[in-house]
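Coordinate analysis (summary)
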Amino acid sequence: MYGIIATWRMALEGISEGAKMLDQGQTADDALETAIRAVEDFEYYKSVGYGGLPNEEMEVELDAAWMDGDTLSIGAVAAIKDYANPVSIARKLSTEPVNNMLVGAGAEKYAHKNGFERKNMLTERAKIHYYNRKKEVEELELKPYSGHDTVGMVDLDQFGHMCAATSTSGLFMKRAGRVGDSPISGSGFYVDSEVGGASATGLGEDLMKGCVSYEIVRLMKEGFTPQQACEKTVRSLDRKLKERRGKAGDLSLIAMNNKGEWGCATNIEGFSFAVATEKEEPTVYLVKFKEDGSQYFEVASKEWMDNYMRTRTAPLVRK
Ligand code: ASP
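Computed from a prediction, not measured in an experiment: that's the story for all the values here. (Residues numbered from 1 in each chain as written. Predicted model: local features only at pLDDT ≥ 70, side-chain atom pairs only at ≥ 80, totals over all residues. Heavy atoms only, no water.)

**Describing the sheet that holds strand S5 (residues 151–156)**
Two orientations exist for strands paired in a sheet by backbone hydrogen bonds: parallel and antiparallel. Across the sheet, which stays open at both edges, the nine strands sit in the order S4-S3-S2-S6-S5-S1-S11-S12-S13 with mixed pairing between neighbours. In this open sheet, the two edge strands, each paired with only one partner strand, are strand S4 (101–103) and strand S13 (295–299). Taking each pair of neighbouring strands and ignoring which way they run, the sheet shows an average axis angle of 15°. Bridge count for strand S2 (residues 62–68) against strand S6 (residues 162–168) is six bridges, and the pairing is antiparallel. Looking across to S6, one finds that Met 67 is bridged to Ala 164. Against the sheet, helix H3 (residues 86–93) makes contact with S2, strand S3 (74–80), S4 and S6, and its axis sits at roughly 140° relative to S3, the strand it touches most. (Pairing = 2+ DSSP bridges. Helix = DSSP H or I, 4+ residues; strand = E, 2+ residues; numbered from the N terminus. Axes fitted to C-alpha atoms, helices over the stretch in contact; angles between N-to-C directions. Contact = heavy atoms within 4.5 Å.)

**Describing the site of the ligand**
Around the ligand sit His 148, Asp 149, Thr 150, Gly 170, Arg 178, Gly 180, Asp 181, Ser 182, Thr 201, Gly 202 and Gly 204, and those are all the residues in its vicinity. Thr 150 places a side-chain nitrogen or oxygen 2.5 Å from an oxygen atom of the ligand. Take Gly 202: an N or O atom from its main chain is 2.7 Å from a nitrogen atom of the ligand. For the ligand, whose free accessible area comes to 270 Å², the fraction covered by protein is 100%. If you map the ligand onto the pockets, it falls in the largest cavity. For the shell around the ligand, the class distribution of residues is no nonpolar, eight polar and three charged. (Near = heavy atom within 4 Å. Polar contact = N/O pair within 3.5 Å; in protein donor to acceptor, adjacent residues only side chain to side chain. Areas by Shrake-Rupley, 256 points an atom, 1.4 Å probe, with all protein chains shown as cover. 1 Å grid on protein atoms, 1.4 Å probe; cavity = no way out; pocket = protein on both sides within 12 Å on 5 of 7 lines; lining within 4 Å. Sits in = over half its atoms within 2 Å of the grid points. Nonpolar A, V, L, I, M, F, W, Y, C, P; charged D, E, K, R; others polar.)

**Topic: helix H2 (residues 28–41)**
Between its first and last C-alpha atoms H2 spans 20 Å; for 14 residues at 1.5 Å apiece the expected length is 20 Å, and the two agree. Burial in H2 covers these residues: Ala 28, Asp 29, Ala 31, Leu 32, Glu 33, Ala 35, Ile 36, Val 39 and Glu 40. On its buried face, H2 sits against strand S1 (3–7), helix H1 (12–23), S2, H3, S5 and S6. (Expected span 1.5 Å × (residues − 1). Buried < 20%, exposed > 50% of the residue type's maximum accessible area, 1.4 Å probe, protein only.)

**Considerations on the pairing of S2**
The buried fraction of S2 amounts to seven of the seven residues, a majority that puts the element mostly inside the structure. Burial along S2 is two-sided: the face carrying Leu 62, Ala 64, Trp 66 and Asp 68 and the face carrying Asp 63, Ala 65 and Met 67 are both buried. Where S2 meets S3, five bridges bridge the pair, whose relative direction is antiparallel. Pairing of Met 67 across the sheet is with Ile 74, part of S3. Linkage of S2 to S3, two consecutive antiparallel strands, is achieved through a turn of five residues, within which Leu 72 is found at a positive phi near 65°.

**Some thoughts on the side chain of Thr 166**
Tracing the chain through its elements places Thr 166 in strand S6. By relative accessible area, which is 0% here, Thr 166 ends up buried. Within polar-contact distance, the side chain of Thr 166 engages the backbone oxygen of Ser 182 at 2.7 Å.

**Brief notes about the pattern of salt bridges**
Under the counting rule described, the total for this entry stands at 17 salt bridges. A salt bridge links Asp 206 to Lys 209; the nearest nitrogen and oxygen atoms lie 2.7 Å apart. Look at the salt bridges and you will find they share partners, linking Asp 29, Asp 30, Glu 33, Arg 37 and Arg 91 into a network. (Salt bridge = Lys/Arg side-chain N within 4 Å of Asp/Glu carboxyl O.)

This is how it looks when you write it as structure tokens:
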């Protein structure tokens with residue numbers, strides 16, 4: 001059995017490539033790195049890698065992580081600027097004996113010394129998004145942060161090896177130096193090949209309050225299915241945050257166990273995810289809610305998919 005699951009529709013092309021590699025008997029790590037890099041490299045996905053959304057100083061600071069479910073090795077970079085593929089730097093860091101998580105200038109020095117591609121990650125399109133948002137915030141007193149998303153993935157190869165990884169530009173208009181959940185073990189991601197893995201997207205500040213990815217893996221270890229583990233984790237953190245703080249930010253999680261079974265839970269309308277396994281072609285699902293608050297999945301229609309790409313790539317004008 002093999003499988004790969006990821007947050008958001010933007011992961012579809014990546015997981016399709018990854019699934020092909022897994023089908024050919026390639027390893028979970030190579031398939032996962034290829035899958036995430038595909039998302040990082042596509043400039044129209046505006047919250048990951050090239051074309052990622054800038055911080056309040058109009059600089060693109062990226063967070064990424066890598067975890068190997070066999071060895072439990074972790075590598076992560078946070079607030080790194082001007083490197084094309086943060087996930088590959090995170091993977092490389094996971095092979096170091098110590099110094100596995102590097103931030104800012106230290107991460108950039110490491111990447112440079114290790115021959116990673118330096119690239120100006122701020123695109124003209126991202127600048128337009130920045131100026132437009134700045135104007136909206138000034139004129140309409142909008143909250144600046146919406147427009148974030150992380151690609152988080154978990155995969156399983158035919159040899160039972162699992163990996164997890166994340167990559168994101170974090171919150172749009174975040175403060176310089178702000179780090180979200182995505183590079184933080186147990187929050188943005190976690191994987192153990194003896195059990196399974198999980199990854200998160202949403203408001204990092206709230207996701208971190210529940211160590212959500214670790215919690216899902218822990219529940220799967222106790223015998224819960226990936227779906228049960230995701231739902232339990234999201235519902236209970238959502239409830240707790242509302243009870244204690246009056247509100248909960250966006251919390252969306254995906255998971256896969258070491259049998260290739262998968263699950264997803266969210267507290268927001270409009271969440272999508274992409275999955276492919278030995279038994280299932282690459283598919284995008286949308287999470288919907290019934291009146292009683294329970295969730296179900298719908299395969300994204302052709303119309304939805306077409307509209308998605310159309311809106312992502314539509315010409316952008318500065319307001
Ligand atoms: N969780 C990410 C962060 O807070 C953003 C996202 O996934 O939407 O940096």
